[in-house]
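Listed here are the chains, written in short residue letters.
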Amino acid sequence: MKDYNGVVLTTPISMGYARQSPHGAAWFVGSVLREMISAAGLTKKDINGFSVSSFSLGIDSAVALTQHFGLCVRWLEQANVGGVSGILALRRAARAVQCGDADIVACIGGDGAAHRSFEHTAAHFSNWSTDAAFPYGAAGPNGPFSLITAHYMERYQAQREDFARICLDQRYNANHFPGALLGHKKLSLSDYLNARPIAGPLHLFDCVMPCAGGEGFLVMSEERARQLKLPAVKILAADECHNAHADDPVQDRGGWTQYIEGLYNRAAVGPEDVDFLQTYDDYPVISMLQMEDLGFCGKGEAPEFVGHTDMRFDGSGSGLNKLPHNTSGGQLSCGQAGAAAGFLGVTESLRQLTGQSQQNQVSNARLGLVSGYGMVNYDRGICTAAAMLQGVDR
Amino acid sequence: MRKRLKLSRPSLRTRARPPKHRSVCGSQFSAANLPGILQLQNCTDCGHVQYPPAELCGACLGSTLIYKETACTGTLLAQSQLHHSLWEYFKRRIKRAPWPIASVQLDVGPVAIVHLTELDLDTGDRVKVFSHSDASRSVVLIAVPAATDITTPELRQAVIVGIQLDKSAERLKGV
């Protein structure tokens, strides 16, 4: 696979997080665009590539938004792939810039959260979900993920205390990230263990809170970013694989296994070299699958791995092995803003690698791995993607 | 207008029923499953048996799929009890007791998410899966322990009555 030399990611924006919002998806996407061009010192005319991800645009598509926002673009993409939309957007935008199809691409994910809109999204998520998953208790994603979690706990002897390690350290990170919707609340082990049950082994703090919000970043040439004096991040390697291991009766691994070795080889680094890891944490068990499949530990070893690993951004935890993980609190503490949740790990990585994080800055963060997972078409998430990112020397 | 909006809330309705909406393939699945124990799509080109229903064969992409009576035996893969639901019917049922669901690997191949009737089953236990037209007249799949006799419609109906899936969930003084 060709490298991503000469292309950088800049100007991470996360905005508008709210538990409920009167605004539609277009408001969030457009507001991110406004903040982004203002932060980068650009005008709308400079943006000639546009990538949009959203679940709640309804009958509008990405091209309708160009008319709403008065954008004229020569490269347009709509990647509605939920939890991998951020990484998919950056891969495609990077190629467009590298090949000269576009100069500056705005990659944005955004979703509203109107009253009872989550119920509607869950009931009509996909044909297979409507026909063969939703009628069974109408639990939304909690249903399939309670089965995946129960299976993982039984097969690999994981305990709720192991999942708590992930949730508690992420809440600590969120306590230091002003944008996190649940960041003002502390979470203790007894809070976690005594939370009300939701579905099987899943209790309240294992589940993300659906919310509204927008996330985005710009993709441009390294030279252009230097001219604009924008702190930037390089893509050392990135990959994706969808619907892998389709014959596994219950999901306990994802498509990462198909490319992670090549990704590390192309980036010329290994899991031991990264300064932080951002996983897609719709449920803590899914973060564990990623730690295993991305090579931080072996299959089934994640419960033991999180037991001796400190996942706080500042290394203030008790674990001897230090791996800052989901340094803004992830979706478990920030909220899950529809397709913007697929951008959350990317924007947080950009802030960390360019030194733009505030209270939750990982010290000397140079290299970060971000991973995506998503789209529960029926009984499991079928999309996976990962990217190794490195800060550009300023 | 405000009053009408208030009255249209599912939580205020007298009767709440299971989710009725299905895709076109899902509706065909419901129609095909009115008779018999379990009818699944069979590909006439390659013999692949598939579920959930789709327009093309997931193995050979052939377009000639017919519903056939299929072996209803399978193995329990995972189970969980729901304490929270997005749908009023299940919200009312869950108030009384958590709602059990499971995933089952059918011997003919596909994995199905099902309503579970029995709570003391273990992973790997043998089960039978049959189809049932619920209180919304859409078909759902029910798993019972393998020893359960479900050969006649009356026996299957008795299982359904046992978990009260044949009735809507009612609210006193609803709209």
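Rules used in this analysis
Residues numbered from 1 in each chain as written. Chains lettered and ligands numbered in written order. Predicted model: local features only at pLDDT ≥ 70, side-chain atom pairs only at ≥ 80, totals over all residues. Heavy atoms only, no water. Helix = DSSP H or I, 4+ residues; strand = E, 2+ residues; numbered from the N terminus. Rg over C-alpha atoms; globule rule 2.2 N^0.38 Å. Buried < 20%, exposed > 50% of the residue type's maximum accessible area, 1.4 Å probe, protein only. Contact = heavy atoms within 4.5 Å. Areas by Shrake-Rupley, 256 points an atom, 1.4 Å probe, with all protein chains shown as cover. Lys, Arg positive; Asp, Glu negative; His and termini not counted. Charge placed at Lys NZ, Arg CZ, Asp CG, Glu CD. Pairing = 2+ DSSP bridges. Axes fitted to C-alpha atoms, helices over the stretch in contact; angles between N-to-C directions. Parallel < 35°, antiparallel > 145°, perpendicular 65-115°, else oblique. Left-handed = near helix turned anticlockwise from the far one by under 90°. Nonpolar A, V, L, I, M, F, W, Y, C, P; charged D, E, K, R; others polar. Buried area = accessible area lost by both parts, 1.4 Å probe. Salt bridge = Lys/Arg side-chain N within 4 Å of Asp/Glu carboxyl O. Polar contact = N/O pair within 3.5 Å; in protein donor to acceptor, adjacent residues only side chain to side chain. Phe/Tyr/Trp six-rings, centres within 6.5 Å; stacked < 30°, edge-to-face > 60°. Lys NZ or Arg CZ within 6 Å of the ring centre and 35° of its normal.

Peer 1: Before we move on, can you summarise the overall build of chain A with the specific residues and values?
Peer 2: If you tally the helices and strands in chain A, you get 14 helices and 13 strands. In terms of C-alpha radius of gyration, chain A reaches 19 Å, essentially the compact-globule figure of 21 Å for 394 residues. Reported as C-alpha extents along the three principal axes, the dimensions of chain A are approximately 55 × 45 × 40 Å. Out of the 394 residues in chain A, the part that is buried amounts to 64%. Here the contacts in chain A between residues at least 6 apart in sequence split such that 77% fall between residues at least 24 apart. Carbon and sulfur atoms make up 49% of the accessible area of chain A, which totals about 14200 Å². Separation of charge centres in chain A, based on 30 positive and 39 negative side chains, amounts to 7 Å.

Peer 1: Break down the sheet that holds strand β9 (residues 276–278) of chain A for me, with residues and values.
Peer 2: Residues and elements named next belong to chain A. The sheet built from nine strands is open, its strands ordered β3-β2-β4-β7-β1-β8-β13-β12-β9 with mixed pairing. What marks the edges here is a single partner per strand, and that holds for β3 (75–78) and β9. Each strand of the sheet is rotated relative to its neighbour by a mean of 20°, with strand direction disregarded. Pairing between strand β4 (residues 105–111) and strand β7 (residues 212–221): seven bridges, direction antiparallel. Residue pairing in the sheet places Cys107 in a bridge with Phe217 of β7.

Peer 1: Help me get a handle on the packing of helix α1 (residues 25–40) of chain A against helix α2 (residues 62–69) of chain A, residues and values and all.
Peer 2: Residues and elements named next belong to chain A. Where α1 meets α2, the axes come as close as 11 Å, and the angle between the chain directions of the two elements is 60°. Considered as vectors, α1 and α2 are oriented oblique to each other. As for the relative orientation of α1 and α2, their crossing is right-handed in sense. Two secondary-structure elements touch here, α1 through Ala26, Val29, Gly30 and Leu33 and α2 through Leu65, His68 and Phe69. For the contact of α1 with α2, the class distribution of residues is five nonpolar, two polar and no charged.

Peer 1: Would you mind going over the interface of chain A and chain B in detail, with residue names and values included?
Peer 2: Between chain A and chain B, the contact holds 35 residues from the first and 36 residues from the second. Regarding the contact of chain A and chain B, the summed buried area is about 2900 Å², with carbon and sulfur atoms giving 65% of it. When the area that chain A buries against chain B is broken down by residue, the three leading residues are Asp131, Tyr136 and Leu147 of chain A, summing to 25%. Between chain A and chain B we count zero salt bridges in total. The tally of links between chain A and chain B comes to 15 residue pairs in polar contact (both at pLDDT 80 or more).

Peer 1: Would you mind going over the sheet that holds strand β3 (residues 49–50) of chain B in detail, with residue names and values included?
Peer 2: Residue and element names in this part refer to chain B. Strand order across the open sheet formed by three strands is β3-β2-β4, with antiparallel pairing between neighbours. Of all strands in the sheet, those bounded by a partner on one side alone are β3 and β4 (65–69). The pairing of strand β2 (residues 39–43) with β4 spans five bridges and is antiparallel. For Leu40, the partnering residue across the bridge sits in β4 and is Lys68.

Peer 1: Run through unusual backbone geometry, naming residues and quoting values.
Peer 2: With omega at -5°, the peptide bond leading from Tyr51 of chain B into Pro52 of chain B counts as cis. With phi around 50°, His245 of chain A is a residue other than glycine that occupies positive phi space. Relative to the helices and strands, His245 of chain A resides in the loop between β8 (232–242) and α10 (260–267). With relative accessibility at 16%, the residue His245 of chain A sits in the buried group. Even without a glycine there, the phi angle at Leu61 of chain B is positive, about 65°. In this fold, Leu61 of chain B is placed in the loop between β3 and β4.

Peer 1: So, the pattern of salt bridges: which residues are in play, and what are the values?
Peer 2: Residues and elements named next belong to chain A. Counted by the stated rule, this structure contains 20 salt bridges over all chains. Taking the shortest distance from any N to any O, the salt bridge between Glu119 and Arg116 comes out at 3.0 Å. The buried category is assigned to Glu119, whose relative accessible area is 17%. Arg116 gets classed as partly exposed once you look at its relative accessible area, which sits at 38%. Here Lys299 ties to Asp293 by a salt bridge, and the two come within 3.1 Å at their closest N and O atoms. Given a relative accessible area of 5%, Asp293 falls into the buried group. One salt-bridge network, held together by shared partners, links Glu77, Arg91, Arg92 and Glu240.

Peer 1: Go over the packing of aromatic side chains, please, and point to the residues and values.
Peer 2: Residues and elements named next belong to chain A. As enumerated under the stated definition, the model contains 16 aromatic pairs over all chains in all. Centroid distance Trp27 to Phe28: 4.9 Å. Interplanar angle 80°. Geometry classified as edge-to-face. For Trp27, a relative accessible area of 36% corresponds to the partly exposed category. Members of the aromatic cluster, each reached through a chain of ring pairs, are Phe145, Trp256, Tyr280, Tyr283 and Tyr373. Over the ring of Tyr172 we find Arg312, and its NZ or CZ is 3.8 Å from the ring centre.

Peer 1: Before we move on, could you go through the environment of Val392 of chain A and cite the residues and values that matter?
Peer 2: All names here are of chain A. Relative to the helices and strands, Val392 resides in the segment after β13 (381–391). In this structure Val392 comes out as buried when scored by relative accessible area, which is 17%. Separated by 110 residues in sequence, Val392 and Asp282 place their C-alpha atoms 30 Å apart. Setting aside residues no more than four positions away along its own chain, Val392 makes contact with Val8, Glu222, Ala232, Val233 and Lys234.

Peer 1: Go over the pairing of β2 of chain B, please, and point to the residues and values.
Peer 2: Residue and element names in this part refer to chain B. Of all five residues in β2, five are buried, a share of seventy percent or more. Note that β2 and β3 share two bridges and pair antiparallel. Bridge pairing links Gln41 to Gln50 in β3.

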